[in-house]
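# Structural overview
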Amino acid sequence: MLSRRVDHFVESVIRDMTRLSIKHNAINLAQGFPDFPAPPELKRAAASAIMDDYNQYSITWGAKDLRDEISRKASEYNHIEADPESEITVTCGATEAMMASMLAIINEGDEVVVFEPFYENYGPDAAVSGAIPRLVPLNEDNSIDEEALSSAFNKKTRALILNTPNNPCGKVFTKRELKLIADLCIEHDVTVVTDEIYEYILYDNKKHVSIGSLDGMGDRTITISGFSKTYSVTGWRIGYALAEKNLTSAIRKVHDFLTVGAPAPLQHACASALRFPDSYYEELAKMYDGKRKLLYNALIKAGFKCMMPEGAYYILADIPEGIDMDDMAFARYMVSEVGVAAVPGSSFFRSEAGKHKLRFTFSKKDETLMEAARRLEGLSI
Ligand code: PLP
């Protein structure tokens, strides 16, 4: 007998596409992880931490040096003041931070507002925590449908999940949009749980704004981020949640019994990552800007219709006209016949809209993207 809880979701399609990609020797533009090395100084810091014997459990809610650095970074970059002693929890990735936060604040039957398209983990996060997702589709141009958003709120609304910069559509929410969301959350006494894992990957002078920094939002926002994407270490599994102390105390309880703590030596290395100079972040965004253009041009040339993302490292593309396959069939065809793996759009939508889309990542070496571009040319012949 299995629990009803696990009946509500299937295994990750993204990770499934990675397995298929390996089987067919395809280029994996499905899963968002870099195929290039992590910064050497960060690797050295991790190796030193192990040699210096940071090898036992750290404090369950995170090593002190890391919490101190996160607190400084949150103040300087996110304009959020978080006390390292009582308002920061270091977790096993943003993934655990999101799940622990949901388990900490949701009661069975509570509603959670989520924009569509959404990152595929939020469905299972809701199912495991007992939440009912209330999806609010973004407009075609990724702007907010204000009427749909305000009508999603009701007496049962407990939380809203906000992912900016957004995976999969690349939207960066503007301050005006965040203010609109904040006003609704204050009016309906709703907690915002953010996913800001791509906070440094922005293009065309877009600015990252944390909703937790807006007036009236400090005590009702759980701000989540992590090291996976900014420092190209998705396998390290270090993330964190910032929240007012009552919320943090609840998150820490869940976190302690779920995982005890994040990997201790890697936490020490991550503290050093937060001391990187500003130029590191400028270079990172510049590097991804080049990759974004490379993949965008290749997709347009192959007949896909897509928008340039404003942030993060994905392109959500419409399947070329004349292809008579849905997203699942076409993704399988692409991986086995074209040799490029992408994620079927329906992983990010509950509506039919996803059936005509695929998501590609450009978090890969230029040569990987150029080879993918070469293979994609086969589609338009
Ligand atoms: N949140 C979003 C929006 C993501 O795209 C991803 C990874 O693809 C994650 C969270 C996972 O973050 P972490 O590796 O810190 O668990």
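Source: prediction; values computed, not measured.

### Here we look at helix 12 (residues 327-338)
- Among the residues making up helix 12, those that are buried are Asp327, Phe330, Ala331, Met334, Val335 and Val338. Seen from one end, helix 12 has its buried residues packed into an arc of 130°, which puts them on one side.
- If you follow the buried residues of helix 12, they end up packed against helix 2 (13-23), strand 11 (340-341), strand 12 (343-344), strand 13 (357-361) and helix 13 (366-377).
- The N-cap of helix 12, judged by a side-chain oxygen 3.2 Å from the amide nitrogen of Met328 a few residues on, is Asp326.
- Backbone geometry just after helix 12 places Gly339 at a positive phi near 85°.

### Quick word on unusual backbone geometry
- A cis geometry characterises the amide bond from Glu116 onward to Pro117, with omega recorded as 10°.
- Take Pro117: it is sitting in the loop between strand 3 (111-116) and helix 6 (122-129).
- Following Asn167, the chain continues to Pro168 via a peptide bond in cis, the omega torsion being 20°.
- Along the chain, Pro168 falls in the loop between strand 5 (157-163) and helix 8 (175-187).
- The residue Asp204 is not glycine, and still its phi comes out positive at about 50°.
- Residue position: Asp204 is located in the loop between strand 6 (191-195) and strand 7 (221-226).
- Backbone geometry places Asn205, a non-glycine residue, at a positive phi of 60°.
- As for its placement among the helices and strands, Asn205 is situated in the loop between strand 6 and strand 7.
- Classification of Asn205 as exposed rests on a relative accessible area of 71%.

### What about the sheet that holds strand 8 (residues 239-242)?
- With respect to topology, seven strands assemble into an open sheet ordered 2-8-7-6-5-3-4, the strand pairing being mixed. Two strands in the sheet have a free side with no partner beyond their single neighbour: strand 2 (88-91) and strand 4 (132-137). Averaged over all pairs of adjacent strands, the angle between their axes in this sheet comes to 20°, without regard to strand direction.
- As defined by bridge partners, strand 3 adjoins strand 5 across four bridges and the pair is classed as parallel. Note on strand 5: the bridge partner recorded for Val113 is Leu160.

### Description of the state of the cysteines
- Scanning the model with the defined rule gives zero disulfides in all.
- Between Cys185, a free cysteine, and Cys169, which holds the nearest cysteine sulfur, the sulfur-to-sulfur gap is 18 Å.
- By relative accessible area, Cys185 is classed as buried at 0%.

### What about the site of the ligand?
- Taken together, 14 residues sit near the ligand, with Thr95, Asp195, Tyr198, Ser228 and Arg237 positioned nearest.
- Residue Tyr198 places a side-chain N or O atom 2.7 Å away from an oxygen atom belonging to the ligand.
- Considering the ligand on its own, with 400 Å² of exposed area, one finds that the protein chains cover 92% of that surface.
- Ranked by residue count, the leading element in the shell around the ligand is helix 5 (residues 93-105), at three residues.

About the cut-offs
- Residues numbered from 1 in each chain as written.
- Predicted model: local features only at pLDDT ≥ 70, side-chain atom pairs only at ≥ 80, totals over all residues.
- Heavy atoms only, no water.
- Buried < 20%, exposed > 50% of the residue type's maximum accessible area, 1.4 Å probe, protein only.
- Helix = DSSP H or I, 4+ residues; strand = E, 2+ residues; numbered from the N terminus.
- Arc of directions from axis to C-beta.
- Contact = heavy atoms within 4.5 Å.
- Polar contact = N/O pair within 3.5 Å; in protein donor to acceptor, adjacent residues only side chain to side chain.
- Pairing = 2+ DSSP bridges.
- Axes fitted to C-alpha atoms, helices over the stretch in contact; angles between N-to-C directions.
- Disulfide = S-S within 2.5 Å.
- Near = heavy atom within 4 Å.
- Areas by Shrake-Rupley, 256 points an atom, 1.4 Å probe, with all protein chains shown as cover.

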